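A structural walkthrough
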Amino acid sequence: MAVETSDSFEALEAQAAVIMAVFNEAAYERVAPSIIQPADLFLDVVGEGLRARTYVFTDQDGEVRIYLQRHPRADVAARYCYNGSVFRYQPGGGSAAHPREFRQAGLELFGQIDEGKADAEVMLRVLEAVTAAGLKSPRLRVGDLGLFAALLDAIDIPERWRARLRAQFWRPDAFRSELRRLSTVPASAVEGLPADLIAKLDPDAPEEAEGLVQAYLDERGIEAIGARSVAEIASRLLSIAHDAQSEPLPAGIAELIESYLAISAPVRA
């Protein structure tokens, strides 16, 4: 990881102080979350692409969440902000544009009744913060995932494909790669995976999959440590086995999704 010079360190500290001051003035409490957090929540959300670039450690402690620790019933409004180091594996060692370690500031707004108003406030505070920190003429791109979810619900595709497309939606390159695969050769998902194990997995008998995967790992002395449990591995492989037996996504549906992605318009005041 690149070493910060004293000048860059001081500049980053000064920038962070300005950003956090904006958040604090808006009544967001500054907190210091642990750098190492339980992986399951993040990995369920970010999908396979980021999963492969996430540093994963094994500990013996369990889970801690500041908000839920203070308010176990999640029924209290709360505002938090933070600033600290974030780590992400980058093939080849990373670069200035894609570092393995970088600073991240953020804010969280919990327990709000009006979600739209809460979203607008968070965006406003972020714009105020980056402007105060020196970013000139910031541009904000927004979208509504609910619209895309409604589109997916209205078309006739397997639920497992809906889940994958939803997970990749905010990563354009990964999304288009997944859509292209599903609309051409969905069976290509098996490439690089153990063909003998995939052939044994029956999508209509999911209760048997975990045992088959565990037996495969045991026979080869492979220990299931890291980001996934055996159950998660089995579920993923079942989905891939199902793809191996599936017809491609109809061209008309793929074109409909692409047409949706092409829609762009300014926010009307």
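One can find the structure itself at the top, above this paragraph.
Reading the values: the criteria
Residues numbered from 1 in each chain as written. Predicted model: local features only at pLDDT ≥ 70, side-chain atom pairs only at ≥ 80, totals over all residues. Heavy atoms only, no water. Helix = DSSP H or I, 4+ residues; strand = E, 2+ residues; numbered from the N terminus. Buried < 20%, exposed > 50% of the residue type's maximum accessible area, 1.4 Å probe, protein only. Areas by Shrake-Rupley, 256 points an atom, 1.4 Å probe, with all protein chains shown as cover. Contact = heavy atoms within 4.5 Å. Pairing = 2+ DSSP bridges. Axes fitted to C-alpha atoms, helices over the stretch in contact; angles between N-to-C directions. Phe/Tyr/Trp six-rings, centres within 6.5 Å; stacked < 30°, edge-to-face > 60°. Lys NZ or Arg CZ within 6 Å of the ring centre and 35° of its normal. Patch = residues over 30% accessible without salt bridge, like charges linked within 9 Å, V, L, I, M, F, W, Y side chains within 5 Å. Salt bridge = Lys/Arg side-chain N within 4 Å of Asp/Glu carboxyl O. Lys, Arg positive; Asp, Glu negative; His and termini not counted. Charge placed at Lys NZ, Arg CZ, Asp CG, Glu CD. Core = buried A, V, L, I, M, F, W, Y, C linked by side-chain atoms within 4.5 Å. Left-handed = near helix turned anticlockwise from the far one by under 90°. Nonpolar A, V, L, I, M, F, W, Y, C, P; charged D, E, K, R; others polar.

1. A short note on the overall build of the protein chain
When its secondary structure is counted, the protein chain shows 11 helices and three strands. Along the protein chain, helices and strands appear, N-terminal first, in the series α-β-α-α-β-β-α-α-α-α-α-α-α-α. Scored against the burial criterion, the 269 residues of the protein chain give a buried share of 26%. Working note: accessible area of the protein chain is about 17900 Å², and carbon and sulfur atoms make up 55% of it.

2. Focus: the environment of isoleucine 198
Here isoleucine 198 lies in helix α8 (residues 195-200). Each C-alpha atom of the pair isoleucine 198 and leucine 212 lies 9.7 Å from the other, and the pair is 14 residues apart in sequence. Not counting residues within four places of it along the chain, the set of residues in contact with isoleucine 198 comprises Val190, Leu193, Leu237 and Ala241.

3. Let's talk about the sheet that holds strand β1 (residues 29-30)
Pairing is mixed in the open sheet, where three strands are placed in the order β1-β2-β3. The sheet is open, and its two edges are formed by β1 and β3 (101-110), each paired on a single side. Of the pairings in the sheet, the one linking β1 to strand β2 (residues 78-87) comprises two bridges and is parallel in character. Directly across from glutamate 29, in β2, lies its bridge partner tyrosine 80. Helix-sheet contacts for helix α4 (residues 115-132) involve β2 and β3, and the interaxial angle to β3 is about 145 degrees.

4. Topic: the packing of aromatic side chains
Under the counting rule described, the total for this entry stands at seven aromatic pairs. Aromatic pair phenylalanine 148 and phenylalanine 175: ring centres 5.6 Å apart, planes at 70 degrees, arrangement edge-to-face. With phenylalanine 148 in helix α5 (residues 145-154) and phenylalanine 175 in helix α7 (residues 172-184), the pair connects residues that are 27 residues apart, well separated along the chain. The pair formed by phenylalanine 148 and phenylalanine 175 is uniform in burial state, with each residue classed as buried. Here the aromatic rings of phenylalanine 148 and tyrosine 260 are separated by 5.7 Å at their centres, their planes lie at 35 degrees, and the arrangement is tilted. Pair noted here: phenylalanine 148 is in helix α5 and tyrosine 260 is in helix α11 (residues 251-261), with a separation of 112 residues, a long-range link. Judged by relative accessible area, which is 1%, phenylalanine 148 ranks as buried. Ring pairing ties together the aromatic residues Phe148, Phe169, Phe175 and Tyr260, which thus form one cluster. For the cation-ring pair, arginine 79 lies above tyrosine 28, with the distance from its terminal atom to the ring centre recorded as 5.1 Å.

5. Here's the deal with a negative patch on the surface
A grouping of Asp202, Asp204, Glu207 and Glu208 is seen on the molecular surface, where their side chains present a negatively charged patch. Structurally, aspartate 204 can be placed in the loop between α8 and α9 (206-219). On the accessibility criterion, aspartate 204 (70% relative accessible area) is exposed.

6. So, the nonpolar core
Core analysis: the largest hydrophobic core is formed by 15 residues, its most contacted members being Leu197, Ile198, Leu201, Ala209, Val213, Leu217 and Leu237. Every element with two or more residues in this core is listed here: α8, α9 and α10 (230-244).

7. Some thoughts on the pattern of salt bridges
What the rule picks out here adds up to 14 salt bridges. Here glutamate 13 ties to arginine 103 by a salt bridge, and the two come within 3.0 Å at their closest N and O atoms. Pair noted here: glutamate 13 is in helix α1 (residues 6-25) and arginine 103 is in strand β3, with a separation of 90 residues, a long-range link. Measuring nitrogen to oxygen at the nearest pair gives 3.2 Å for the salt bridge that ties glutamate 159 to arginine 162. On the criterion of helical spacing, the pair formed by glutamate 159 and arginine 162 is a turn pair, its members being three residues apart in helix α6 (residues 159-168). For glutamate 159, a relative accessible area of 45% corresponds to the partly exposed category. On the accessibility criterion, arginine 162 (12% relative accessible area) is buried. Each of Arg160, Arg164, Glu178, Arg181 and Asp243 takes part in salt bridges that share partners, so that together they form one network.

8. Thoughts on a nonpolar patch on the surface
A contiguous nonpolar patch, built from Met123, Leu140 and Val142 and spanning about 260 Å² of accessible area, is present on the exposed surface. You can see valine 142 is positioned in the loop between α4 and α5.

9. A closer look at the packing of α6 against α10
Where α6 meets α10, the closest approach of the two axes is 11 Å, and the angle between their N-to-C directions is 115 degrees. Where α6 crosses over α10, the handedness of that crossing is left-handed. Contact residues: Arg160, Trp161 and Arg164 in α6; Arg236, Ser239, His242 and Asp243 in α10. Of the residues that constitute the contact of α6 with α10, the class distribution is one nonpolar, two polar and four charged.

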